[in-house]
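A structural walkthrough
Each chain, letter by letter, is given below.
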Amino acid sequence: MTTGIAPETFARSLLRTKPVDRIVAEGGYGAGGELKRTMSLLQLTLFSVGATLGTGIFVVLGEAVPLAGPAVVLSFVLAAVTALFSALSYAELAGTIPVSGSSYSYAYATLGELVAWVCGWCLLLEYAVSVSAVAVGWGSYLNAFLDSALGFTIPAQVGNPPGEGGVVNLPAVVVVLFATLLLLRGTSESAAANTVMVFLKIGVLLFFCAVAFTAFRTGNMAPFAPMGWAGISAAGSKVFFSYIGFDAASTAGEEARNPRRDLPLAIILSLAIVTALYVLVGLAAVAAMNWTRFSLSGSEASLAQVLDSVSGRTWPSMILSLGAVVAIASVVLTVMYGQTRILFAMSRDGLVPDVFRKVSPRRRVPVANTVIVAAFIGVLAAAVPLGRLVDATSIGTLFAFALVSVGVIVLRRTRPDLPRSFRAPLYPLTPLLGVALCVYLMVGLGGVTWTVFAIWIAVGLAAYFLYGRRHSRLAARHTGHGGEPA
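Residues numbered from 1 in each chain as written. Predicted model: local features only at pLDDT ≥ 70, side-chain atom pairs only at ≥ 80, totals over all residues. Heavy atoms only, no water.

Notes on the overall build of the protein chain
When its secondary structure is counted, the protein chain shows 19 helices and zero strands. In terms of overall dimensions, the protein chain is globule-like: its C-alpha atoms have a radius of gyration of 22 Å, near the 23 Å expected for 486 residues. Its C-alpha atoms put the protein chain at 80 × 45 × 40 Å along the principal axes. The 486 residues of the protein chain split such that 60% are buried. By sequence separation, contacts in the protein chain at least 24 residues apart represent 84% of the contacts at least 6 residues apart. Taken as two groups, the 32 positive and 22 negative side-chain charges of the protein chain have centres that lie 4 Å from each other. (Helix = DSSP H or I, 4+ residues; strand = E, 2+ residues; numbered from the N terminus. Rg over C-alpha atoms; globule rule 2.2 N^0.38 Å. Buried < 20%, exposed > 50% of the residue type's maximum accessible area, 1.4 Å probe, protein only. Contact = heavy atoms within 4.5 Å. Lys, Arg positive; Asp, Glu negative; His and termini not counted. Charge placed at Lys NZ, Arg CZ, Asp CG, Glu CD.)

So, in structure tokens, the structure goes:
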């Protein structure tokens, strides 16, 4: 019996794309249940702000300032410009393909299955690994709060990961568990909790600025760029980690009330909010404390150190640390959410096991997916030092962002007829600059990071050829060997 479908060559099978109409039609549906559309524009915007705001300012600033000096402010601007071009591309594709898969789904519709798989594999670095890194930094602020408020800290053996004086990072595991319990309660409950935490986080950062600017010293700003442009660029590659998460709204495409209108707006608004806060806080920090002292702290809790230095009292840093303890939890919550929804989309396509697409009929969330992701993140956060996680996350994210910009160009050529609620301005300059700047910042990362990235991609390709390609539901349709399984 013939199927009427010509067999594919091996090369063509790797480049097969999933039709946009089909991607959108499948939105929200999983195995045994359907995701619930509850998220408004405000909640989507705050989801992206929650996923972004904190990763750089609360955690990475102490590592970036020694590289660039006071010019770290320009490093944040450089990273922001790079993120902006990617954000404009994300906004266009989010309004055109409003589903949970984010850049994975965009790549599947434009660049083919193999590229989509690699993109999804890189998103494991962007989401799961970045959550682990933030959880590690959360423990530093918890210790800072306990020290200033109660006069004791968590013992290093259970408060730091191996390689940094500890055996296991127990606080990191605790915050991952907290986020997991919220996500299992439901999307609307998670969004409400995130809204409270984001407003608290913004308030804490404005409080920091108010205190730090009282100690503003122009002498601390000189020399402004002691390492020159090379230092600014190197710090820009480092602090790009702080912009990871602005695309979190794009992972909520199947739970947004009006995704075509709200997703592009949420992405652009969230990037504008976090950029303004990053520049303001970065300026306040380096103007209040000489940049050479950042490298002496030995702690990720660099903002608390600034307040201790400028105020000479413990209560300002205690307030900051308590706010950071609560606020960084929102990063863990929202980025974990994004990771589960990307795996949900990949599972629906057959590229990862079916367990990730199973939806609880009662809670309307992917329960097993959430638990598995939490276990993976918890192990990383407990056992891997922060610095290695940050650089590995940045390179995977930059690669995924570059693919999104390329996807805009391809979809404009192949499907100019598609309805687009948002169009990237100055096309094709915008996506081309997005690709160029992502590559530029990738080059600025170290050789060890590139080696880790190459190994990660190699493992991902092995996983695709051993599992994903053989179970692809799109492949089944192309070869005529079956349709969609229930």
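Considering a nonpolar patch on the surface
Among the surface-exposed residues, Val 158, Val 167, Val 168, Leu 170, Val 173 and Val 174 lie close enough to one another that they form a single nonpolar patch of about 430 Å² accessible area. As for its placement among the helices and strands, Val 174 is situated in helix 9 (residues 170-185). By relative accessible area, which is 45% here, Val 174 ends up partly exposed. (Patch = residues over 30% accessible without salt bridge, like charges linked within 9 Å, V, L, I, M, F, W, Y side chains within 5 Å. Areas by Shrake-Rupley, 256 points an atom, 1.4 Å probe, with all protein chains shown as cover. Salt bridge = Lys/Arg side-chain N within 4 Å of Asp/Glu carboxyl O.)

Remarks on the packing of helix 9 against helix 10 (residues 187-212)
Relative orientation of the contacting elements helix 9 and helix 10 amounts to 135 degrees, with a least axis distance of 7 Å. By the angle between their axes, helix 9 is oblique relative to helix 10. Counting all contacts with helix 9, which are made through Phe 178, Leu 182, Leu 183 and Arg 185, the residues of helix 10 involved are Glu 189, Ser 190, Ala 193 and Met 197. Along the lines of polarity and charge, the residues of the contact of helix 9 with helix 10 split into five nonpolar, one polar and two charged. (Axes fitted to C-alpha atoms, helices over the stretch in contact; angles between N-to-C directions. Parallel < 35°, antiparallel > 145°, perpendicular 65-115°, else oblique. Nonpolar A, V, L, I, M, F, W, Y, C, P; charged D, E, K, R; others polar.)

Comments concerning the nonpolar core
In this structure, Tyr 104, Phe 208, Tyr 243, Leu 303 and Met 336 are the most contacted members of the largest nonpolar core, which totals 146 residues. Look past the residues within four positions of Phe 208 in its chain and what remains in contact with it is Val 281, Ala 284, Ala 285, Leu 303, Val 306, Leu 307 and Leu 320. (Core = buried A, V, L, I, M, F, W, Y, C linked by side-chain atoms within 4.5 Å.)

Here's the deal with the confidence of the model for the protein chain
Averaged over every residue, the pLDDT of the protein chain is 83; the share at 70 or more is 90%. Across residues 1-6, confidence stays below pLDDT 50; counting only partners more than four residues off in sequence or on other chains, it has six contacts. A low-confidence stretch, residues 481-486 (pLDDT under 50), is modelled with eleven contacts involving residues beyond four sequence positions or located in other chains. (pLDDT = per-residue confidence, 0-100.)

Considering helix 6 (residues 103-110)
The buried fraction of helix 6 is high, at eight of eight residues. All buried positions along helix 6 are accounted for by Ser 103, Tyr 104, Ser 105, Tyr 106, Ala 107, Tyr 108, Ala 109 and Thr 110. Within two residues after helix 6, Gly 112 carries a phi angle of roughly 105 degrees, on the positive side.

Some points on the state of the cysteines
By definition, a disulfide is the covalent link that joins the sulfur atoms of two cysteine residues. Counted by the stated rule, this structure contains zero disulfides. Looking at the unpaired Cys 119, the closest cysteine sulfur is the one in Cys 122, lying at 6.7 Å. (Disulfide = S-S within 2.5 Å.)

Observations concerning unusual backbone geometry
Residues Ala 222 and Pro 223 are joined by a peptide bond in cis, for which omega reads -5 degrees. Checked against the element boundaries, Pro 223 lands in the loop between helix 10 and helix 11 (228-239). Phi at Ser 102 takes a positive value of approximately 55 degrees, unusual for a residue other than glycine. Relative to the helices and strands, Ser 102 is located in the loop between helix 5 (72-96) and helix 6. Located in the positive-phi region is Arg 364, a residue other than glycine, with phi close to 60 degrees. Looking at the element boundaries, Arg 364 is found in the loop between helix 14 (315-348) and helix 15 (367-383). Judged by its relative accessible area of 29%, Arg 364 falls in the partly exposed class.

Thoughts on the packing of helix 7 (residues 113-150) against helix 15
Following both chains from N to C, one finds helix 7 and helix 15 inclined at 45 degrees, their axes separated by 8 Å at the closest point. The orientation of helix 7 with respect to helix 15, classified from their angle, is oblique. Classified by chirality, the crossing of helix 15 by helix 7 is right-handed. Between helix 7 and helix 15, the residues in contact are Ala 128, Val 129, Val 131, Ser 132, Ala 135 and Val 136 and Phe 376, Ile 377, Leu 380 and Ala 381, respectively. The residue inventory of the contact of helix 7 with helix 15, partitioned by class, reads nine nonpolar, one polar and no charged. (Left-handed = near helix turned anticlockwise from the far one by under 90°.)

Considerations on the packing of aromatic side chains
Within this structure, the stated rule accounts for 15 aromatic pairs. Seen in terms of ring centroids, Phe 246 and Phe 401 are 5.1 Å apart; in terms of plane orientation they differ by 55 degrees. Their pairing is tilted. With a gap of 155 residues between them, Phe 246 in the loop between helix 11 and helix 12 (259-288) and Phe 401 in helix 16 (residues 386-414) connect regions that are remote in the sequence. Look at Phe 246 and you get buried, because its relative accessible area is 0%. A connected cluster of aromatic rings, assembled from ring pairs, spans Trp 117, Trp 121, Trp 456, Tyr 464 and Phe 465. We note Arg 412 situated over the ring of Tyr 427; from NZ or CZ to the ring centre the distance is 4.2 Å. (Phe/Tyr/Trp six-rings, centres within 6.5 Å; stacked < 30°, edge-to-face > 60°. Lys NZ or Arg CZ within 6 Å of the ring centre and 35° of its normal.)

Describing the pattern of salt bridges
In the structure shown here, the tally under the stated rule is twelve salt bridges. Taking the shortest distance from any N to any O, the salt bridge between Arg 16 and Glu 113 comes out at 3.0 Å. Separated by 97 residues along the polypeptide, Arg 16 in the loop between helix 1 (10-14) and helix 2 (20-25) and Glu 113 in helix 7 bring together distant segments of the chain. The two residues Arg 16 and Glu 113 agree in class, both being buried. In this structure, a network of salt bridges that share partners links the residues Lys 18, Arg 22, Glu 26 and Asp 349.

Remarks on helix 14
For helix 14, built from 34 residues, the straight-helix expectation of 50 Å at 1.5 Å per residue is met to within 8% by its first-to-last C-alpha distance of 50 Å. Within helix 14, 29 of the 34 residues are buried, which leaves it mostly tucked inside the rest of the structure. In the segment just after helix 14, Gly 350 is the residue with positive phi, at about 85 degrees. (Expected span 1.5 Å × (residues − 1).)

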